[in-house]
Each structure stands twice: as structure tokens, then as C-alpha cells.
Amino acid sequence: MTVRTRIAPSPTGFPHIGTIYQVLIDFAFARKAGGKFILRLEDTDRARFVEGAEDVIYSSLAWFSLNPDESPKIGGPFAPYRQSERLPIYKKYSDELIAKGHAYYCFCTRERLEEMRKNQEAHHLPPMYDKTCLKLTPTDVKAKLDAGVPHVVRMNVPVHEKIAFDDLVSGHIEFDSDVIDHQVIMKSDGFPTYHFGVVVDDHLMEITHVFRGKEWISSTPKHVLLYQYFGWKMPVHGHLPLILNEDGKGKLSKRHGHASVDYYRKLGYLPEAVLNYLSNIVWNHPEGKEIYDLDEFIKRFDVEKITSQGPRFDLKKLDWVNGQYIRALTDDALQTRVSEFDERVSRADAKLVAKTMPLVKERMHVLSDYWSLASFFFTKPDSFETPLRKDMLSGLYETLTPVDWKHEPMEQSIRQLAEKNSWKPKDVFMQLRLAVTGKTVGPPLLESLEILGKEETLIRLSVELDSHYPSFEEKIVGKKP
RNA sequence: GCCCCCAUCGUCUAGCGGCCUAGGACGGUUCCUUCUCAAGGAACAAAUCGUCGGUCCGAAUCCGACUGGGGGUACCA
């Protein structure tokens, strides 16, 4: 039997980084077993449906190179892959359950249910359906159905039974059937609920392994029951630990911007680095390696070695991982990545960009760092982080004018200048850096100037700049003209 | 409230009854390098293994209780 895993997102908004983490496990598990990874769209909630969300899912998966083998878009032997296109299927199976007595029609209004729950809470009872409609006689049911009374279908749950399953991550888990609600499986609009849709589709699509977040553990007994009712073999389940917010309070939420895949794309994280990080927070390389690529992860990982604690999301460590990946790239490859990422870089002179790459590379953590570090190569600074000293600048202008434009002679003459005026060499270098780049930090100065060229450097140093820049002082950050 | 899951340095974790004076990584500190910031190298600090009890010659490792954290409790997924 071929292994088949699946991701089943609902198109209700931006793709969550937690979804990618699940996809990573699904994908790796399927690849390792030589199986298939499929994408099924669970678009059964029309109230929360977001136009265009489906496309964003595809593009996110593509960005991470975690493309499914079957999906609504590319199709496959089990099409359709959109639940909204499978409504007759769910109807057929829910009818079957009703016929067998494992499910029943419920005509209770939302108002009645709400009141019922309020009452239960007041009496400190678990809020569960009170089985009112289970007591309806077949004639009652037929009458209401004929009269067109709105209804849902609920699953029937046995009393006083142990419902158990074995989880790949958490091991054996048991529930008492008395705490399991008579869950709605078909809504009044004819759409299935998640609980019914997953079971039917996972079975029909021959899914062998289900990986999903831990938040699903408590509803798994409902699914176990459904599999039993149908007499279907239940796929192996593995409930993955939830990624928590950085402060450890709650699961990673959109309140924290970095829950969204978009966040990482926009800042210039490398997808392969994000994947590396994601895998590393719930799993450890057997040799303790921190940096490994997707292929190696697929080869080495073992679902049973996945931690069962919910890890906190650590942006600092991600930054470190990303930096490792950036530094492992060749200069050429990095240039391609940065150009694809940043339009300003793609428009710049590629030869010039190439020269700057080795200087900037080891200072980058994310792709967006390139421009903030290297923009001065392409444009004159328009502000200065600390005050400029004209005496030093004019001294520098004069000393550098006749110098051979290599960093060794430049350094020599600058040091001589400093000594002559009893200035600290550090200060002189800083003034030069400031005048040319506008910033106090950046790539190695003299090497940068070699690339920038003598002419441009002298222009930026020149006192005549006063006419281009009305006044140095006025341009200092924080000072009002 | 009820049900389920989890519990080792600040963070991610290794550990699966003696090899643990608890190992690694991120972060932190210090030093080296140095024109800044990084990167790189070196070193240091950092966990009475949540608490209490039990089993055992022996427990971070097994059992129980408690505490703490997380999740669920919808005609949302």
C-alpha cells in the first residue's frame, strides 16, 4: 500500500506558518516512504471563505518547494479535491449513517441550543447536545422533513464506552464516550462539518497517515467512531505539537505578525532556511546538526522522534539559521536571490552589485538587509546618523585626492593624516564612513571605497557638497532644518 | 467547570535505570581579530532535571498525587 499524506487547509485567510510546518511533515513523511502528498481544500465554511485564499496557498507551497502531487488545481485520481464540489458524496454517506442508526436528524433551532448551553453552564455541566431530537419518532421526523423544517444531521454516540486510538506522537490516548458530543456532521446548508468531511475524504482518497495539530486530539474520538460506523480502516494519526508564541502564551497567533508566511517572504528569509528551522524545533538531527537541507531531513527524520511539547517560536534562532544559509550561498547565487527579492537591486548595475556582494554577505541575516547595508553604493546618502566634522572631511579630501585608489595606500595616508593632526585614526575613519555612507555601521570602508571609485568618494567628501546638500548639519538625523 | 496533552539551562533540545560532576545549539558575557558593524575563533556563565511521595542496590529516566503550561469543549476549521 502506498503511503498517502495530505494537508487540508481551509481558505479562510493568509497561510499560517504552522500550516507550512504541517506540510513539511506530511511532505517529508510521504517522500521518505516513496508515497504521495496531496492537497485537499476544506472549503465548507462559506461564512469565513476568503476569495483568493486558495491561490495564496498554492503560491506559498510553491515558494517552499513543497508542491502537492494531487490538488484541486492539478487534479488527480481522486478528484474533486475541493470539498464544496463533493457535496453529493457527503449526503450519500450521511444517509447511510442515518439508515444504520448512527446518525439522526436534528431540528433544534440555534436559539434553543444556545439557551440549552447557557443552562448547562449555569449548572456546571459540560455544554453538550441534550439528545432531544434523538427521541423523535420516525413519523415525527418524516413530518418535519416533509414540512421543510431546517435541520442538521448529528452523529449518535454510544454511552459508557472507551474510545481509544494510538497516536504516532503521543502514544495511546483514551476517552470516555460520555464526554463526546453528538457532533453535527451535516449542516443545515447541506455542507458537511470538518469532522465528517475529513473522515469521508481521508478514506475515499486513501490517506494512510494523518498529521495535524494537537488541537485536534480532543475531536479525534469522534473520527474514530465515524470510522467504526462505516467499518473503515482508520489512517494512522500523528498529532503535532503546536507552535507557541514567543512568550509561550498561546499558540502562534496572527497578533504576532510572524504567524503569516507572508512575513518571511517580505523580510527576505530563505524558504529552505525557514524549513530547516521549523523542522529543528520539533525534531533533532541524530548527529546534533543544526543546519541540514530538506533532502537530508527527509532521509533522517523519524516521526516517532518528534517532540510532544509545544515549542516557542524563536525569531533570533531563525535569524541565525537564515544567516547560515545566506553565507553558504555563493556570491553569484546570493546576488540572484537578492535581485529577485529587491527590485531596487535588480535595477542596479549588476556588475557593481556583484562587486559588493562579498563585502555585504557576511553581514546579512535576511535578504532585505542587503539594501540597508549597501544602498550607498548606488545612491548618495541623504542624511547622516551623527554630526559631520568639516575639518576632518576637508583633510580627508586633500589627502585622498592624490592617492593611488587601493585600500592599502588609502589606509596609509589616512593614518598619516590622523597623526599629523593628532586625531584618533578611529575618528577619522568614522568621519569618512559617515560622509560616504551616511551611517556609522556598514561593510569594510576602504574596500567599499575602492568599489565606489575615487571620483564619487571625493564628491561625497567635497566641501562643495554644501551646495548639493544645503548644509551638512541640517541633514543630520533628528535635526530640524 | 469538564476532558485531553505536556513538563531538562532564558529559548529549542539530547537523554529512554548505572556511561550525567546532565551534552549540543540559539541567545548572553568576556577575549582574540579590527576602520564601524558583522562574520569567524576561543572561553565563561546558565538547568537543585516543576514539587512531593513511591518502586529499586541505584532515577532526569519507572509509578502516583499535586502544581504549572498548552489544547479542546460551535451548524469554525
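An account of the accompanying structure is given in this report. Please read all numbers here as calculations on a predicted model, not as lab measurements.

What follows is about the packing of helix 17 (residues 407–421) against helix 18 (residues 425–437). Where helix 17 contacts helix 18, the axes come no closer than 9 Å and their chain directions differ by 120°. The angle between helix 17 and helix 18 places the two elements in the oblique class. Considering how the two elements wind past one another, helix 17 and helix 18 form a crossing that is right-handed. Within the contact between the two elements, helix 17 uses Ile414, Arg415, Leu417 and Ala418 and helix 18 uses Pro425, Val428 and Phe429.

The next subject is the sheet that holds strand 7 (residues 184–186). The antiparallel open sheet is built from three strands, whose spatial order is 3-4-7. Each edge of the sheet is formed by a strand with only one pairing partner; in this case those strands are strand 3 (103–106) and strand 7. Across the sheet, the mean angle from the axis of one strand to that of its neighbour is 45°, orientation sign disregarded. With two bridges joining them, strand 4 (residues 152–155) and strand 7 adopt antiparallel strand pairing. Across the sheet, Val153 pairs through a bridge with Met186, a residue of strand 7. This element, helix 3 (residues 87–100), spans strand 3, strand 4 and strand 7 of the sheet and lies at about 105° to strand 3.

Another point: the pairing of strand 6 (residues 171–176). Among the six residues of strand 6, zero are classified as buried, and the element is accordingly described as predominantly exposed. Of the pairings in the sheet, the one linking strand 5 (residues 162–167) to strand 6 comprises six bridges and is antiparallel in character. Note on strand 6: the bridge partner recorded for Ile163 is Phe175. The hairpin turn running from strand 5 into strand 6, its antiparallel successor, is three residues long.

This part covers the nonpolar core. With 100 residues, the main nonpolar core has Ile20, Leu24, Tyr370 and Leu396 as its most contacted residues. Residue contributions to this core peak at ten residues, all from helix 1 (residues 17–32).

Looking now at unusual backbone geometry. Cis geometry marks the peptide bond from Ala79 to Pro80, where omega comes out at -5°. Mapped onto the elements of the fold, Pro80 is located in the loop between helix 2 (53–63) and helix 3. Positive phi, normally seen in glycine, also occurs at His160, with a value near 55°. For His160, the position within the fold is in the loop between strand 4 and strand 5. Positioned with a positive phi, Glu206 is a non-glycine residue whose angle comes to about 55°. Tracing the chain through its elements places Glu206 in the loop between helix 6 (194–204) and strand 8 (209–213). Residue class for Glu206 comes out partly exposed when judged on the 16 C-beta atoms lying within 10 Å of it.

Cut-offs and rules
Residues numbered from 1 in each chain as written. Chains lettered and ligands numbered in written order. Predicted model: local features only at pLDDT ≥ 70, side-chain atom pairs only at ≥ 80, totals over all residues. Axes fitted to C-alpha atoms, helices over the stretch in contact; angles between N-to-C directions. Helix = DSSP H or I, 4+ residues; strand = E, 2+ residues; numbered from the N terminus. Parallel < 35°, antiparallel > 145°, perpendicular 65-115°, else oblique. Left-handed = near helix turned anticlockwise from the far one by under 90°. Contact = placed C-beta atoms within 7 Å. Pairing = 2+ DSSP bridges. Buried ≥ 20, exposed ≤ 12 C-beta atoms within 10 Å, placed from the backbone. Core = buried A, V, L, I, M, F, W, Y, C linked by C-beta atoms within 7 Å.

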